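One letter stands for each residue in the lines below.
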Amino acid sequence: MLSPELTAAKPLAGLKVVELARILAGPWCGQLLADLGADVIKIERPATGDDTRHWGPPFVTGDDGENLSAAYYHSCNRGKESRAIDIATAAGQAEVHALVVTADVVIENYKVGGLVKYGLDPASLLALNDRLVICSITGFGQTGPKAGRAGYDFIAQGTGGFMSLNGDPASGPQKAGIAYADLFTGLYAAVAILAALMRRQATGAGAHVDMALLDTQVAVLANQALNWMVSGTVPSLLGNAHPNLAPYQTYRVADGDIIIAVGNDGQFARLCAILDLALAEHECFARNPGRVTHRDALNAEIAAATARWTKADLLTRLEEAGVPAGPINSLAEAFADPQVIARGMAVKLDGIPGVASPIVIDGVRQIAARPSPAMPH
């Protein structure tokens, strides 16, 4: 069983990060760096702190029932030190400047130009420390006609095309159940920061990294973007189906729903054998392109066959035959899954619950040794 070795040396030990960020994308990046061993100092507004401290219920409570901030806040601030600094004051600006002089990285997510009046904008900070890697995270980036607009994950999902792909034709476009653009931007930001640090080793020069939620959302359209670029056909809502594979979706069984995700013709033939269907021998269905073209007819046959099975029996048979399939778990069921338990994905640090980083290096789960910081004073 994997478990976090909280005292083990981490890859980013000794890296100093100043986080002038709040809500999700910037803090998600900072938490990832903290999990990998960086010393992350989070700057929060005096008295109120990060907005997400108040984004509840639910709130984490202490032994005496005291409010320890919203669960949302704890989802993205593990491993950091927090300081209450009013950047609108000369004293606060001086305090941030003192931190930046010895820092390696600054993460900020203010509107474009929003830090200039405080002397905390990228140009001013690089003048103090020319080895600094500054990562600016905004909704639309540092350039372009929309650069000055405030950006939110929901808007990025819609503007960037994702919502036009996500949802059922009957219900219409849907956003993801998590802040998809924020989280991906945080991940890409961490990659960009580490790349800039690698370059600094060779050149000695810092960098200004420009990360935008909209850029990221467009970038992760992946195969769907290429499908449109190559074919000229705008993708439509497919619900749980796959645009390039079939059968690859959910199917109703006698006691619920399961996922069947066939990735090649051999798997399809084995699925047909289990379901007692002759489809694999049919010219229209023997190869994946034909199955995608004749998706509706294919699904009608499969759905009629799966309806006669219970969830447990069919999943067992499919696993034995090497046909990719799985359940649709609630979060409670997901965290009770033996594999999730074995991998140590649920953690508790000083009484604060959390979800572990997915990164394992040399058998060691990369996770910070301390929970999210208390409200600074």
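Our subject in this report is the structure included herewith. Nothing here was measured: the structure is a model prediction, and the numbers come from that model. (Residues numbered from 1 in each chain as written. Predicted model: local features only at pLDDT ≥ 70, side-chain atom pairs only at ≥ 80, totals over all residues. Heavy atoms only, no water.)

What follows is about the pattern of salt bridges. Tallied over the full model, the rule gives eleven salt bridges. In this structure, the salt-bridge partner of R78 is D35, at a minimum N-O distance of 2.7 Å. Of this pair, R78 sits in the loop between helix 2 (71–74) and strand 5 (81–84) while D35 sits in helix 1 (residues 25–35), and the two are 43 residues apart along the sequence. Residue R78 is classed as buried on the basis of its relative accessible area, which comes to 5%. For D35, a relative accessible area of 2% puts it in the buried group. With a shortest N-O distance of 2.8 Å, E81 and R83 are connected by a salt bridge. You can call E81 partly exposed: its relative accessible area is 30%. Residue classification places R83 among the partly exposed residues on the basis of a relative accessible area of 27%. Connected through salt bridges with shared partners, the residues E19, K42, D50 and K80 form a single ionic network. (Salt bridge = Lys/Arg side-chain N within 4 Å of Asp/Glu carboxyl O. Helix = DSSP H or I, 4+ residues; strand = E, 2+ residues; numbered from the N terminus. Buried < 20%, exposed > 50% of the residue type's maximum accessible area, 1.4 Å probe, protein only.)

Before going further, it helps to spend a moment on the state of the cysteines. Counted under the stated rule, the structure contains zero disulfides. Just so you know, C284 is unpaired, no disulfide at all, and the nearest cysteine sulfur is the one on C272, 13 Å from it. According to the relative accessible area criterion, C284 is partly exposed, its value standing at 26%. (Disulfide = S-S within 2.5 Å.)

Within the open sheet, the three strands sit side by side as 9-10-11. Their pairing is antiparallel. Pairing within the sheet leaves two strands with one partner each, and these edge strands are strand 9 (248–253) and strand 11 (325–327). On average, each strand axis in the sheet is inclined to that of its neighbour by 30°, with strand direction left out of account. Relative to strand 10 (residues 256–261), strand 9 runs antiparallel, the two being bridged by six bridges. Along strand 10, the bridge assignment pairs V253 with G256. This element, helix 12 (residues 311–321), spans strand 9, strand 10 and strand 11 of the sheet and lies at about 15° to strand 10. (Pairing = 2+ DSSP bridges. Axes fitted to C-alpha atoms, helices over the stretch in contact; angles between N-to-C directions. Contact = heavy atoms within 4.5 Å.)

Okay, the layout of surface pockets next. In this model, the largest pocket occupies a volume close to 980 Å³. Counting residues per element, the ones that place at least two in the lining of the largest pocket are helix 1, helix 2, helix 6 (180–203), helix 13 (331–336) and strand 13 (352–355). In terms of residues, the lining of the largest pocket owes the most to one element, helix 1, which gives four residues. Of the residues in the lining of the largest pocket, the class split is 18 nonpolar, six polar and two charged. Lining the second largest pocket are 30 residues; nearest its centre among them are I23, N109, G151, Y152 and D182. Across the lining of the second largest pocket, the residue classes break down as 16 nonpolar, seven polar and seven charged. (1 Å grid on protein atoms, 1.4 Å probe; cavity = no way out; pocket = protein on both sides within 12 Å on 5 of 7 lines; lining within 4 Å. Points joined across faces, edges and corners; volume = space filled by probe spheres on them. Nonpolar A, V, L, I, M, F, W, Y, C, P; charged D, E, K, R; others polar.)

What follows deals with the environment of K80. Within the secondary structure, K80 sits in the loop between helix 2 and strand 5. With a relative accessible area of 2%, K80 lands in the buried category. For the pair K80 and M163, spaced 83 residues apart in sequence, the C-alpha separation works out to 33 Å. Apart from residues no more than four positions distant in its own chain, K80 is found in contact with E19, P27, G30, Q31, V40, K42, R370, P371 and P373. Of the polar contacts made by the side chain of K80, one reaches the backbone oxygen of C76; its length is 3.1 Å. Side chain to side chain, K80 and N77 meet in a polar contact 2.9 Å long. (Polar contact = N/O pair within 3.5 Å; in protein donor to acceptor, adjacent residues only side chain to side chain.)

From the geometry alone we can't say anything about function, so treat these as descriptive.
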